[in-house]
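Each chain, letter by letter, is given below.
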Amino acid sequence: MVDVRSGIGEPLPPPEVEDVELYHPHSWWTRYVFSQDAKIIAIQYATTAIAIGMVALVLSWLMRLQLGFPGTFDFIDADAYYQFITMHGMIMVIYLLTALFLGGFGNYLIPLMVGARDMVFPYANMLSYWIYLLAVLVLVASFFAPGGPTGAGWTLYPPQAVLSGTPGGKDWGIILMLASLIIFIIGFTMGGLNYVVTVLQGRARGMTLMRLPLTVWGIFTATVMALLAFPALFVACVMMLFDRLLGTSFFMPAIVEMGEQLQHGGGSPILFQHLFWFFGHPEVYIVALPAFGIVSDLISTHARKNIFGYRMMVWAIVIIGGLSFIVWAHHMYVSGMNPYFGFFFATTTLIIAVPTAIKVYNWVLTLWRGNIHLTLPMLFALGFIVTFVNGGLTGLFLGNVVVDVPLSDTMFVVAHFHMVMGVAPIMVIFGAIYHWYPKITGRMLNEALGQIHFWVTFLGAYLIFFPMHYVGLVGVPRRYYELGEMAFVQESVHTLNAFISVMALIVGAAQIVFLFNLAWSLRHGREAGGNPWRATTLEWQTPETPPPHGNWGRELPVVYRWAYDYSVPGAAEDFIPQNQPTPGRMSHEAVS
Amino acid sequence: MAVVFALVLLAAGSVLFHLLSPWWWTPIASNWNYIDNTIIITFWITGIAFTAVVLFMAYCVLRFRHRPGNTAAYEPENRKLEGWLATSTTLGVAAMLAPGLFVWNQFITVPEGATEVEVVGQQWLWSYRLPGADGRLGTSETRDITPENTLGLNRNDAASLDDLIIEGGELHLPIGKPVKMLLRSVDVLHDFYVPEFRAKMDMVPGMVTYFWLTPTRTGTFEILCAELCGVGHPQMRGTVVVDTEEDYQAWLAEQQSFSQLSASSETKPAATIAAAAAR
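Rules used throughout
Residue indices follow the written sequence of each chain, beginning from 1 at its first position. Each chain gets a letter, beginning with A, and each ligand a number, beginning with 1, in the order they are written. The predicted nature of this model means local features are confined to residues of pLDDT at least 70 and side-chain atom pairs, given and counted, to a pLDDT of 80 or more, with totals for whole chains, interfaces and linings taken over all residues. UniProt positions are given in the numbering used here, feature names are shortened, and annotations may be inferred rather than shown by experiment. Secondary structure counts use DSSP, requiring at least four H or I residues in a row for a helix and at least two E residues in a row for a strand, with both numbered from the N terminus. Computation of the radius of gyration draws on C-alpha atoms, with the globule rule given as 2.2 Å multiplied by the number of residues to the power 0.38. Counting other C-beta atoms within 10 Å of each residue's C-beta, where C-beta atoms are placed from the backbone, gives the exposure class: buried for 20 or more, exposed for 12 or fewer, partly exposed between. It is the C-beta atoms, placed from the backbone, that decide contacts: two residues are in contact if theirs lie within 7 Å. Note: domain ranges come from an automatic or database domain assignment. We call Asp, Glu, Lys and Arg charged. Ala, Val, Leu, Ile, Met, Phe, Trp, Tyr, Cys and Pro are nonpolar, and the rest, Gly among them, are polar. Residues of type Ala, Val, Leu, Ile, Met, Phe, Trp, Tyr and Cys that are buried and joined through C-beta atoms within 7 Å form what is called a nonpolar core. Strands are labelled as partners when DSSP assigns at least two bridges between them. For helices, the axis comes from a line fit to the C-alpha atoms of the stretch in contact; other axes are also lines fit to C-alpha atoms, and the angle between any two N-to-C directions lies between 0 and 180 degrees. Expected span of a helix: the number of residues minus one, times 1.5 Å.

Within an unreviewed UniProt entry, the label attached to chain B reads cytochrome-c oxidase, and the organism entered is Sinorhizobium glycinis. As its UniProt record puts it under Subcellular location (unreviewed entry), chain B is described as follows: "Membrane". The Sequence similarities (unreviewed entry) comment attached to chain B in UniProt states, word for word, "Belongs to the cytochrome c oxidase subunit 2 family."

Naming follows an unreviewed UniProt entry, where chain A appears as Cytochrome c oxidase subunit 1 of Sinorhizobium glycinis. Check the Catalytic activity (unreviewed entry) section of the UniProt entry for chain A; it says "4 Fe(II)-[cytochrome c] + O2 + 8 H(+)(in) = 4 Fe(III)-[cytochrome c] + 2 H2O + 4 H(+)(out)".

Here's what the structure looks like:
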């Protein structure tokens, strides 16, 4: 059996790549705006993602106002409602979660955690952000375009997405949405290549792949997946744009729209769904794997215990990443595709539950016999496990083809995916921000505000989405502007809907506390020092905090051990940094 | 300690909510109670897993929370434990997948002799077509749709002429007889969804999809559209009535065939006007 801490005491391999001279900015503009420093780019990505995420938050308030109190708010008509849900979904999945995990955390953490001075292609990395910003601006422009943004649902299913019965279908909305996605993918590809090559080629001496922190494994695997999955969305967007603008018929069969024969013919709406979900399902894991990685490190650090089953965790990430490419059609059980696909996709989907469950076991087994510090990152990590387990288990309903039939397209699905890829990854994002904010700014976030933020967000979000499953179980369909009269829906369902809406308003408002904390602590937070959590990974061992351009000063770090030497018996401290040669003595950087 | 309390409360609260909640599926009206049973099995397995994980976390936080002098154990791996957990998870998953696939096989295997009924979706109303005396549906084509022939039936197909067409009205089905619902759309995606039947399937322009069921109790049920089809999506409602055999035959006798409707085609079908008005 291989020791997970392999190679301690073995002679270090010689450096494979010479330390290269970085581009050094000469002006304020190139230092802070058109910066090629991954850390600045990370902050730019994160700020933009959170800003557009606030738009999505407000949209969710508006749609919940309509669902909880139908008919009360005149300005939310059916068109507006569908525009709100569409933009909310697309912003959250692509422009917030994907951008924040990969562009934000990926940029900040990869070079620091692998012991590099920067990403390997800093110029392309800079372009990646500015192209992402352009994509966001094009998306926002659709709010102001004639006809407003598209209301096709975030899945953008043709033919309705490009027809007049859908808001924005025959106006600018759908065109700007597709254009924005195309731009996003171009920008992402530039960043994504950076993350992959930096992990493969930019690691410090001694940082073998099996010594990488799980955060890096999660982001790395997700990026590889994104580079393979986004092209499917890219071609789907280009084809739909052609259908809309040039009159082609990739996704358009013969159609009679409102009594009028259209000029289309021969295309397949289901082809779009295959392309969309070939991207869309890996996308779930593109968001989830970085969260898996980050939460592993949060739990290990704050429980002062090595992550349980590190190698199993790495392989689970890789296997989940691979399997997630052959499960896509579980989103299409009732799409009208060949029903025999159901056997294959239900089987692959339920198989993916096994490595996922192993990850959950290893997180809770890391807590077991740990020394659990209930810090804010730990609280959010616990919140993640609860919501992720809940959402993952309801996935076993929807993945099991025949069980999906009655539940598909009901509020059960909405509750499921919000719990598993909304609440759970966002819990990790919050935990990660509370964890790394001291490294990014040199100051701690305020504890009291953080406690308020955690409890309202965690319990509130659970109270929103747990009961919502039961609304779906009753049979209430999703994407209904209003339920109107439905004989099978009891009056109490409407009361429950109103309760969910009130909770959504409260949880949304709690995020203002968080934003205030981010701003306030920048100047008034407690000084953090270099390594306030007494963590082992390299980013906490930088000579200066916040780390300057180039990260490491004169000498690149050398790595002697895996990322999880917490509470090693006989060691002087309950953590041994990765760059410390012998267990007994503290390296000078590690002392905060 | 607040964390331990919250976790226990959350696990217990979720279980109690599930047991006491008045929100449960509507009484079934088809043969698909197998689906309901598979859901119940899944609820049990997942419910136990969820409660176990959350309570174990609560125990860990209670027992292993930081207190002065505490140290964590150092245990990088435990092959035996990991193997045991992986095996039991695989078994649990198999226990849900096996009945699921078994029932799916039934779901997609239409019994011999099932009556065919066609449902046609358009923004935002339902139409239906039943076979005439010949017992089979004629061919149809979206390209053939005109204001007089709103379902695009093939006038040159003898089988089409006696097909019964119901536009904007109720669909009736006889109790106890398997029905194959043939689903067609003329414009965008729709989804034929009757909560009491449990079954649903998308309707896709350019192709014919299907599912089958046997109605098991008489009554009047709502048809909803379950695939976003534009701003009128929530208003796209219909009614299906499950009748006894006599009632069904009486209703069937009142319906008009394609050739009868074509003969009186100078009066524009109400459905087309309704569609234009909805727009």
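1. Focus: the overall build of chain A
Broken down by element type, chain A carries 15 helices and 2 strands. Compactness check: chain A gives a C-alpha radius of gyration of 24 Å against a globular reference of 25 Å for 592 residues, within 12% of the reference. Once the C-alpha set of chain A is aligned to its principal axes, its extents read approximately 80 × 50 × 50 Å. The proportion of buried residues among the 592 residues of chain A is 63%. Contacts in chain A between residues far apart in sequence, at least 24 positions, make up 80% of those at least 6 positions apart.

2. A few points about the domain arrangement of chain B
Interface size is commonly expressed as the accessible surface area that is lost when the partners come together. Residues and elements named next belong to chain B. Per the domain assignment, the segments of chain B are domain 1 (2-64 + 78-108) and domain 2 (115-278). Look at where the C-alpha atoms of domain 1 and domain 2 centre, and you get two points 39 Å apart. Opposite the 9 residues of domain 1 that make contact, domain 2 presents 13 residues. Counted by class, the side of domain 1 that touches domain 2 contains 5 nonpolar, 3 polar and 1 charged residues.

3. Concerning the nonpolar core
It is characteristic of soluble globular proteins that their nonpolar side chains tend to be buried jointly. Judged by nonpolar contacts, the single largest core of 286 residues is most densely connected at Met240, Val295, Val364, Phe380 and Ile385 of chain A together with Met57 of chain B. Split by domain, the residues of this core number at least three in each of domain 1 (2-64 + 78-108) and domain 2 (115-278) of chain B. Not counting residues up to four positions away in its chain, the partners in contact with methionine 57 of chain B are Val364, Leu367, Leu382 and Ile385 of chain A together with Leu7 of chain B.

4. Some points on unusual backbone geometry
Note that the residue after threonine 545 of chain A, namely proline 546 of chain A, is joined by a cis bond; omega there is -5 degrees. Assignment of secondary structure puts proline 546 of chain A in the segment after helix H15 (491-524). Along the chain, glutamine 123 of chain B connects to tryptophan 124 of chain B via a cis peptide bond; the corresponding omega equals -10 degrees. Take tryptophan 124 of chain B: it is sitting in the loop between strand S1 (115-122) and strand S2 (125-130).

5. Some details on the interface of chain A and chain B
Counting residues at the interface gives 96 residues for chain A, matched by 84 residues for chain B. With 9 residues, helix H11 (residues 376-399) of chain A is the largest single contributor of residues to the side of chain A that touches chain B. Residue composition of the side of chain A that touches chain B, grouped by class: 63 nonpolar, 23 polar and 10 charged.

6. Thoughts on the sheet that holds strand S3 (residues 164-167) of chain B
Residue and element names in this part refer to chain B. One open sheet accounts for 5 strands, arranged S3-S2-S1-S5-S8; its pairing is mixed. Unpaired on one side and paired on the other, S3 and strand S8 (209-213) mark the two borders of the sheet. Going across the sheet, the axis of each strand differs from the next one's by a mean of 20 degrees, ignoring polarity. By the bridge criterion, 7 bridges tie S1 to strand S5 (residues 179-185) in an arrangement that is parallel. Its bridge partner lying in S5, valine 119 is registered against leucine 183.

7. A short note on the UniProt feature "domain: Cytochrome oxidase subunit I profile" (unreviewed entry) in chain A
Taking the numbering used here, the UniProt-annotated feature "domain: Cytochrome oxidase subunit I profile" (unreviewed entry) corresponds to residues 23-560 of chain A. Structurally, residues 23-560 of chain A is divided into 66% helix and 1% strand, and its ends, taken at the C-alpha atoms, are 29 Å apart.

8. Points about the pairing of S2 of chain B
All names here are of chain B. The element S2 is largely enclosed, with a buried count of 6 among its 6 residues. Alternating positions in S2 separate into two faces, Leu125, Ser127 and Arg129 on one and Trp126, Tyr128 and Leu130 on the other, with burial throughout. Where S1 lies against S2, 5 bridges are found, and the strand directions are antiparallel. Along S2, the bridge assignment pairs glutamine 122 with leucine 125. The turn linking S1 back onto S2 is made up of 2 residues.

9. Some details on the sheet that holds strand S10 (residues 237-243) of chain B
Residue and element names in this part refer to chain B. Strand order in the open sheet made by the 5 strands is S4-S10-S9-S6-S7, with mixed pairing throughout. Every other strand in the sheet has two partners, leaving strand S4 (171-174) and strand S7 (200-203) as the edge strands with one partner each. Averaged over all pairs of adjacent strands, the angle between their axes in this sheet comes to 25 degrees, without regard to strand direction. As judged from the 6 bridges shared by strand S9 (residues 219-225) and S10, these two strands associate in the antiparallel manner. Residue pairing in the sheet places glutamate 222 in a bridge with threonine 239 of S10.

10. A word on the UniProt feature "transmembrane region" (unreviewed entry) in chain B
All names here are of chain B. As annotated in UniProt, the feature "transmembrane region" (unreviewed entry) corresponds to residues 41-62 and 83-104 in the numbering used here. The distance from the first to the last C-alpha atom of residues 41-62 is 32 Å, and the span holds 100% helix and 0% strand. Taken end to end, residues 83-104 comprises 100% helix and 0% strand; its first and last C-alpha atoms sit 31 Å apart.

11. Comments concerning H11 of chain A
The terminal C-alpha atoms of H11 of chain A lie 34 Å apart, and with 24 residues this matches the ideal 34 Å at 1.5 Å per residue to within 8%. The buried fraction of H11 of chain A amounts to 24 of the 24 residues, a majority that puts the element mostly inside the structure.

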